[in-house]
Each structure stands twice: as structure tokens, then as C-alpha cells.
Amino acid sequence: MIAPGGTIGIVGGGQLGRMLALAAAPLGYRVHVFDPHERPCAADVSAGFTRAAFDDVSALERFAAACDVVTYEFENLPVGPLATIAGKLRPGTASLSIAQDRDAEKSFVRDSGGQPAEWRTIDSQDDVEQAWTDLGGPLILKTRRDGYDGKGQAWLRTEEDVRGAWTRLGGRPLIAEKVVAFEAEFSVVLARGLDGAVAFFDSPRNHHEDGILRRSELPAGPVVEAQQAAARLQAARIAERLGHVGVLTVEFFAAEGGPFVNEIAPRVHNSGHWTIEGAATSQFEQHIRAICGLPLGSTALRSPKVTMDNLIGNDVDRWPELVAEPGAALHLYGKGEARPGRKMGHVTRLG
Ligand code: ADP
Ligand code: MG
């Protein structure tokens, strides 16, 4: 157990790290951020900051020595270097290595009793054509590693799309996944404590545009509510089999014969941002509690209706109107330049 007053290290200095740091403060913890960038937005609200590359083992070791526990806010991290500080790392490297390879992830989900969409491993153009024959279209090709916010994906709808697809995606290891004709997307955000206790947040319905989350809303509606219990069971099995400690997010498709697992994030998640105002304990506080060995907090709803809208790119220019809106909770990440597709903030409304 890490008592209040201790120091929590966070690898990754983006908005998730920033909101984790903000949630650690009321419990009396100090936060130390590790990130290669010059001024990561999490470092602005943290007591300590190490600027170093994620694979700089000696910097990681010095950082870990200065922290009582280390967590991560980002899954595309090199596992080897982090394994050198495994003694302090929560969640561990198993969660990381499974979640960062879509092929390993899908096998792991299936072997845990979960239900992924049908998929094939792709290492050549021949494999793409074989998958098209075996599974039928439409398919989505996804890079096995490093994809996020819909990046590194291509839809194959016609024979035409199949031709040359391997080269178009850069000749990298891929998976081909059957497109799920889903009725809704939703996520299970859970926390697993050091003692193995599991707490679930209510599942929001998630709306994506161009592969990026736009909105999460509660209540999620009857389609999602009908599949939430089965999804929780799958997500809890995955968490247990990973030996996961902390928040784990599993994205699902609600569909006939579902729910189908889309992907796992071994961390706090954009579709859980609504919990800051909408739940008795936020996902960020819950993660801090879990990795410090404290009891998990209540996940009770604070309002029967909650919506969270992302501010992506230039959306953030609407801040003057949003900050003036009664009851709207505005979160700006302090990230500087509003490039297209960049998550700059979010706004949550209750009721
Ligand atoms: P990322 O890591 O970029 O979030 P995802 O695999 O979650 O990648 O894909 C992003 C979005 O693309 C999903 O939220 C969903 O809207 C759509 N999508 C991905 N895979 C499928 C699929 N098999 N069937 C239908 N839609 C999909
Ligand atoms: Mg996703």
C-alpha cells in the first residue's frame, strides 16, 4: 500500500496523465511525470518532471527510484525498458504488451472467453486476399501496432480496395477484421484493485467520427443496456487473466450475437471522462486508488443523464461560449496548438 504523501510516477505526459495528476492531489499524493517532450501538459500540474526517451533505461531507473509506484497513461511504450522497473509498475507489463499488439490482443480476448470480431493475421498481400476470400467483405485492415484514433486503418469494401492494400498500409504487420454491423458502440471501464476486487462504471454509449471518439452518453439506451452484463463478464475475465491492477477499458460493439470486443486499453480512457462529474469517484481517482492499494471508490451515478463531448482541433475555439454555459464542466488540456484531430479538451453536462 502506498499511503498518501507518497509519490506516483506517470509514464506519458498527455491529458490522461494530467487528469490522473489532478485526481492524485486531493488524496495527498505527489506526481512525477516521465515524457520525452519539452512541455507535456501533465507536467504543468505535477511536482516532478523527467524529460527523457521512453527507452532510456537509466533515466527510467532513476525516475522509478524517486517514486513509490509507477503507472502509465499511454500503451504504445517499449516494454523491454519498462520491464527493468517492473517491481514498481502497476499495471504490469503483461497488460501493456497484450494491448499494444492487435493480433496478440484478439487471441488473448478469445482465450479469456471474450468474443472479438472475426480476424486474420496479415503479413503479405496474399494474406489480404486470403482473408477477403475466407471472411468476405467488408473488412478493416489495421496496423498491428501503434494505431490510435482511427490511424493506421483502411476499409476494404470492394475487390478494387483489396488490390495493393498491403503496400498502401506501408507493408507493415496488420490484422484484417470483419466489419461488425453494430447497433451501438459502448465501453466497459472497470478498476481492479491490488486485492483483486473489481468495480465497474456504468457503460456509456460512444459515438465515433472518423475513428475518433466524439461523444459518450448515459443512459446508453436499451441496446447497450441489454449487452452490458455480458460485456462486464468478458472484461472482468480479461482483467483477471492479465493480473491487471488499475483502470482497464474494453471497447465493445453491441450487435446481434454480441457483445463483440473491439479493443482493450490498459488505462483510463476517453470514454470515462464523464466520471469526473458524473460518478461518485472519477476513473482517475479510481486508478490512483487501485495502484496505491487503497479501497476502490463508489461508482454510483451522480445524475441519471450525462454527456461528454470532446473538443477536437478547432472545436476548442468555442471555449468562451462553453465556459459561460451554466452547468457545463469545461476541461481544457493546455496543449497549445489545435492541430486537426488533436484532442484539446472536453465538456461534460449533467441532466
Ligand atoms: P483505435 O485504436 O484507433 O481507437 P479502433 O479499433 O477502436 O481503433 O477503431 C476505431 C473505430 O473504428 C471504432 O471505434 C469503430 O467506430 C470503427 N471500427 C473499428 N473496427 C471496426 C469493426 N470491426 N467493425 C465496425 N467498425 C469498426
Ligand atoms: Mg478504439
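Residues numbered from 1 in each chain as written. Chains lettered and ligands numbered in written order. Predicted model: local features only at pLDDT ≥ 70, side-chain atom pairs only at ≥ 80, totals over all residues.

Here's the deal with the sheet that holds strand β6 (residues 139–143)
Two orientations exist for strands paired in a sheet by backbone hydrogen bonds: parallel and antiparallel. Sheet architecture is open: four strands sit in the order β5-β8-β6-β7, paired in antiparallel fashion. If you trace the sheet from one side to the other, it starts and ends with β5 (119–122) and β7 (153–156), each paired once. Neighbour-to-neighbour, the strand axes of this sheet turn through a mean angle of 20°, independent of strand direction. The strands touched by helix α5 (residues 102–111) are β5, β6 and β8 (174–178); relative to β8, the strand with the most contacts, the crossing angle is about 50°. Contacting β5, β6, β7 and β8, helix α6 (residues 125–135) crosses the sheet at an angle of about 170° to β5. (Pairing = 2+ DSSP bridges. Helix = DSSP H or I, 4+ residues; strand = E, 2+ residues; numbered from the N terminus. Axes fitted to C-alpha atoms, helices over the stretch in contact; angles between N-to-C directions. Contact = placed C-beta atoms within 7 Å.)

Some details on the UniProt feature "domain: ATP-grasp" (unreviewed entry) in the protein
Those places that UniProt annotates as "domain: ATP-grasp" (unreviewed entry) correspond, in this numbering, to residues 106–292. Secondary structure within residues 106–292 divides into 32% helix and 30% strand; the distance between the first and last C-alpha atoms comes to 29 Å. (UniProt positions renumbered as here; feature names shortened; annotations may be inferred.)

Notes on the sheet that holds strand β3 (residues 48–51)
Strands sit in the order β3-β2-β1-β4 across an open sheet of four strands; the sheet is parallel. If you trace the sheet from one side to the other, it starts and ends with β3 and β4 (69–72), each paired once. Ignoring which end each strand starts from, the neighbouring axes of this sheet average 20° apart.

Some points on the site of ligand 1
Surveying the vicinity of ligand 1 reveals 15 residues, the closest of which are E177, V179, V180, H208 and G211. Residue composition of the shell around ligand 1, grouped by class: five nonpolar, five polar and five charged. Domain assignment of the residues forming the shell around ligand 1 places at least three in each of domain 2 (118–178) and domain 3 (184–350). (Near = placed C-beta within 6 Å. Nonpolar A, V, L, I, M, F, W, Y, C, P; charged D, E, K, R; others polar. Domains from an automatic or database assignment.)

Concerning the nonpolar core
Counting 88 residues, the largest nonpolar core has I10, L20, A176, F252 and I288 as its most contacted members. In this structure, L20 is in contact with I10, E73, V268, F284, H287 and I288, ignoring residues within four places of it in sequence. (Core = buried A, V, L, I, M, F, W, Y, C linked by C-beta atoms within 7 Å. Buried ≥ 20, exposed ≤ 12 C-beta atoms within 10 Å, placed from the backbone.)

Overview of the domain arrangement of the protein
Under the domain assignment used here, the protein contains domain 1 (7–89), domain 2 (118–178) and domain 3 (184–350). The C-alpha centroid of domain 2 is placed 34 Å from the C-alpha centroid of domain 1.

Concerning unusual backbone geometry
Residue P138 is bonded to the preceding G137 through a cis peptide linkage, with omega at -10°. When you line up the elements, P138 lands in the loop between α6 and β6. Cis rather than trans, the peptide bond between L218 and P219 has omega equal to 0°. Tracing the backbone through its elements, the reader meets P219 in the loop between β12 (212–218) and α9 (222–242). Unlike most non-glycine residues, D149 shows phi in positive territory, near 45°. The topology assignment puts D149 in the loop between β6 and β7. By C-beta crowding, D149 is classed as partly exposed, having 16 other C-beta atoms within 10 Å. A positive phi is found at D210, a non-glycine position, where the angle reads about 50°. With respect to the secondary-structure elements, D210 resides in the loop between β11 (205–209) and β12.

Some remarks on the environment of N76
Relative to the elements of secondary structure, N76 occurs in the loop between β4 and α3 (79–83). Look at N76 and you get partly exposed, because 14 C-beta atoms sit within 10 Å. Here the alpha-carbon distance between N76 and D103, two residues 27 residues apart in the chain, equals 15 Å.

Focus: the pairing of strand β1 (residues 7–11)
Within β1, four of the five residues are buried, which leaves it mostly tucked inside the rest of the structure. When β1 meets strand β2 (residues 30–35), the two strands line up parallel, connected through five bridges. Note that in β2 the partner of G9 across the bridge is H32. Summarising the sheet, β1 and β4 pair through four bridges and their orientation is parallel. Considered in β4, the bridge of I8 is made with V69.

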